[in-house]
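So you can see what is in the structure, the chains are spelled out below.
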Amino acid sequence: MNPQAKLIFTASLLLGTTLTISSNHWIMAWAGLEINTLSILPLIAKSHHPRAVEAATKYFLVQAAASTLVLFSSMTNAWETGQWDITQMSHPASCSILTAALSMKLGLAPFHFWFPEVLQGSSLTTGLILSTLMKFPPITLLFMTSQSLNPTLLVTMGILSVAVGGWMGLNQTQTRKIMAFSSISHLGWMATIIVYFPKLTLLNFYLYTLMTAAVFLTLNSMKVLKLSTLMTAWTKMPSLSSIFLLTLLSLAGLPPLTGFLPKWLIIQELTKQDMAPTAVIVSLLSLLGLFFYLRLAYCATITLPPHTTNHMKLWHVNKPVNILIPILITISLALLPISPMILTIL
């Protein structure tokens, strides 16, 4: 892709995100979401591969439907209450439609079907943007309207997302699809708690973004798209592979790594809200996710050559590693000890 075109699309992405998260009026928020959608489409379809074009088409159709529902719910609310302010969403039907629309934007179950397919058709860099930056505006809108939303609906969708993300990720062999189901599972945790403790959802999202960015950038530097390639990556970058193991375990939420912090706080908050059964269910369902993270980790570090994988070895090239990778991996592994300081911010 032409560098100037890429710069324009990236700037438009940042503009759309900024517009949505900083607006108080529904029309401005909707305009930001539309700018976001239109600017990511060329980045998805840039390889001109049929799968990439298909992914871009699917993404456009789903996002257009979701944006229409956002506009419809805000117009219905304005019709009933006379308010266009995002925080003044009080009409019950509008709130339900908005929840469905933002769930489609995020890829929460049962509106998750498009996300793994779109991620599979994109490059790893575009997949990183789709999994992190593109989720930020809808999460912000959920955060701003959280007081008006239906808790039962969101908790049900949250549990369903954790279950779907865990079950459907088990038999995947493509790393992008595994990361897509991982994203659905993490969003389930966020949806479960957003009505009860919205700031905790944002903390979870920030930490999820950092850990996912570390994983995607590592996979991109090792040029790994499927598990069989990951099995031979150990010979090229042994140190990065071994640190990658810890990053995956952090994403799974194992103590004493950073990923344990949001899960621990969410379980604690659910227990305070007399929702111990919900806490138990999401904790048990997250074990499914732990299984496929361990599978990735096993392929990355424990499967040493020689083995029976029919795969061509890649050249060992001593190219420099992206400077962001060590920074993100350090954050992904070492934030738990400063959790008291993080809690004072919440």
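Residues numbered from 1 in each chain as written. Predicted model: local features only at pLDDT ≥ 70, side-chain atom pairs only at ≥ 80, totals over all residues. Heavy atoms only, no water.

### So, the pattern of salt bridges
Under the counting rule described, the total for this entry stands at three salt bridges. Between K58 and E54 there is a salt bridge, with the nearest N and O atoms lying 2.8 Å from each other. Of this pair, K58 and E54 both sit in helix α3 (residues 50-81), four residues apart, roughly one helical turn. Classification of K58 by relative accessible area gives partly exposed; the value is 29%. For E54, a relative accessible area of 39% puts it in the partly exposed group. Between E117 and K58 there is a salt bridge; the shortest N-O distance is 4.0 Å. Here K58 lies in helix α3 and E117 lies in helix α5 (residues 114-121), a separation of 59 residues in the sequence. The class for E117 is partly exposed, based on a relative accessible area of 29%. Through salt bridges with shared partners, one network takes in E54, K58, E117 and K177. (Salt bridge = Lys/Arg side-chain N within 4 Å of Asp/Glu carboxyl O. Helix = DSSP H or I, 4+ residues; strand = E, 2+ residues; numbered from the N terminus. Buried < 20%, exposed > 50% of the residue type's maximum accessible area, 1.4 Å probe, protein only.)

### Some words on unusual backbone geometry
Across the junction of A109 and P110, the peptide omega takes the value 5°, indicating a cis bond. Within the secondary structure, P110 is located in the loop between α4 (92-106) and α5. For the bond running from P255 to P256, omega is 5°, close enough to zero to count as cis. Residues other than glycine seldom take positive phi values, yet H48 does so here, at roughly 60°. Within the secondary structure layout, H48 lies in the loop between α2 (26-44) and α3.

### A word on the packing of helix α7 (residues 136-144) against helix α10 (residues 198-222)
Viewed as axis vectors pointing N to C, α7 and α10 meet at an angle of 165°, and their least axial separation amounts to 10 Å. Compared by their axis directions, α7 and α10 come out roughly antiparallel. Judged by the twist between their axes, the crossing of α7 over α10 is left-handed. On the side of α7, the interface is formed by F136, I139 and F143, while α10 contributes P198, K199, T201, L202, F205 and Y206. Along the lines of polarity and charge, the residues of the contact of α7 with α10 split into seven nonpolar, one polar and one charged. (Axes fitted to C-alpha atoms, helices over the stretch in contact; angles between N-to-C directions. Parallel < 35°, antiparallel > 145°, perpendicular 65-115°, else oblique. Left-handed = near helix turned anticlockwise from the far one by under 90°. Contact = heavy atoms within 4.5 Å. Nonpolar A, V, L, I, M, F, W, Y, C, P; charged D, E, K, R; others polar.)

### Some details on helix α1 (residues 3-22)
A rise of 1.5 Å per residue sets the reference length of α1, with its 20 residues, at 28 Å; its end C-alpha atoms lie 28 Å apart and thus fit the reference within 8%. Within the span of α1, buried status applies to L13, G16, T17 and T20. Take α1 and look down its axis: the buried residues cluster within an arc of 95°, on one side only. Among the exposed residues of α1, those pointing more than 90 degrees away from its buried face are P3, Q4, L7, I8 and S22. Buried residues belonging to α1 abut α2, α6 (124-131) and α7. Capping the start of α1 is the job of one residue whose side-chain oxygen sits 3.2 Å from the backbone nitrogen of Q4: N2. (Expected span 1.5 Å × (residues − 1). Arc of directions from axis to C-beta. Polar contact = N/O pair within 3.5 Å; in protein donor to acceptor, adjacent residues only side chain to side chain.)

### Thoughts on the UniProt feature "transmembrane region" (unreviewed entry) in the protein chain
Within this numbering scheme, the UniProt entry marks residues 59-79, 91-115, 152-171, 178-197, 203-222, 243-267, 279-300 and 321-343 as carrying the feature "transmembrane region" (unreviewed entry). With 100% helix and 0% strand, residues 59-79 has its two end C-alpha atoms placed 30 Å apart. In the segment residues 243-267, helix accounts for 72% and strand for 0%; the C-alpha atoms at its two ends are 27 Å apart. (UniProt positions renumbered as here; feature names shortened; annotations may be inferred.)

### Let's talk about the environment of K58
The spacing of K58 and P255 is 197 residues in sequence and 38 Å in space, taken between C-alpha atoms. For K58, the contacting residues outside a window of four places in its chain are E117 and V118. Looking at K58, its side chain comes within polar contact range of the side chain of E54, at 2.8 Å.

### A look at the side chain of S241
Here S241 lies in helix α12 (residues 238-252). Once residues lying within four places of it in the same chain are set aside, the contact partners of S241 are M222, A233, W234, A300 and T301.

### Focus on the nonpolar core
Judged by nonpolar contacts, the single largest core of 77 residues is most densely connected at Y59, L130 and L230. In this structure, L33, L142, L187 and V195 belong to the second largest nonpolar core, which totals 27 residues. (Core = buried A, V, L, I, M, F, W, Y, C linked by side-chain atoms within 4.5 Å.)

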